[in-house]
Amino acid sequence: MKLIIAYIRPEVLQEVKLKLYEVELFSLSVTNVLGSGRQKGYTEVYRGIQTEVNLLKKVRLEIGVPEDKVDVAISAISQGAKTGQTGDGVIFVLDIAKSLRIRTGESM
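A brief report on the enclosed structure follows. (Residues numbered from 1 in each chain as written. Predicted model: local features only at pLDDT ≥ 70, side-chain atom pairs only at ≥ 80, totals over all residues. Heavy atoms only, no water.)

### Remarks on helix α1 (residues 13-22)
Line of reasoning, step 1. Burial in α1 covers these residues: L13, V16, K19 and L20. Looking straight down α1, one finds that the buried residues subtend no more than 125 degrees of arc, so they occupy a single side. (Buried < 20%, exposed > 50% of the residue type's maximum accessible area, 1.4 Å probe, protein only. Helix = DSSP H or I, 4+ residues; strand = E, 2+ residues; numbered from the N terminus. Arc of directions from axis to C-beta.)

### Things to note about the sheet that holds strand β5 (residues 56-65)
Line of reasoning, step 1. The four strands lie next to each other as β2-β5-β1-β6, forming an open sheet whose pairing is antiparallel. Where the open sheet ends on each side, the last strands, each with one partner, are β2 (29-35) and β6 (89-95). Strand-to-strand, the axes of this sheet are offset by a mean angle of 20 degrees, without reference to chain direction.
Line of reasoning, step 2. Across seven bridges, the pairing between strand β1 (residues 2-8) and β5 is antiparallel. Bridging across to β5, I8 finds its partner in V59.
Line of reasoning, step 3. Contacting β1, β5 and β6, helix α2 (residues 70-81) runs over the sheet at an angle of about 5 degrees to β1. (Pairing = 2+ DSSP bridges. Axes fitted to C-alpha atoms, helices over the stretch in contact; angles between N-to-C directions. Contact = heavy atoms within 4.5 Å.)

Following this line, the structure appears as structure tokens:
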């Protein structure tokens, strides 16, 4: 098993979910996060004071997949999240040493 962690723009979440559902990957966790990367943030004026915003809103997806579905999952996430602009996101793939379904005790 592998754990795929993807950081994407919040506005593309629905499209990424649809792409994952098309390849029959339905189990995922979604978390709202703040982060910085190559996008670097922006400057805005709030109540007359100029402020630098360098932590931007992102969505973190976590998906546990069998090794034979890793490339399919990465492709689906990439297709759904790509806008062609800086800040589209990043995908990490990690090994899972062990996983266990709590209800049945089944090892995956």
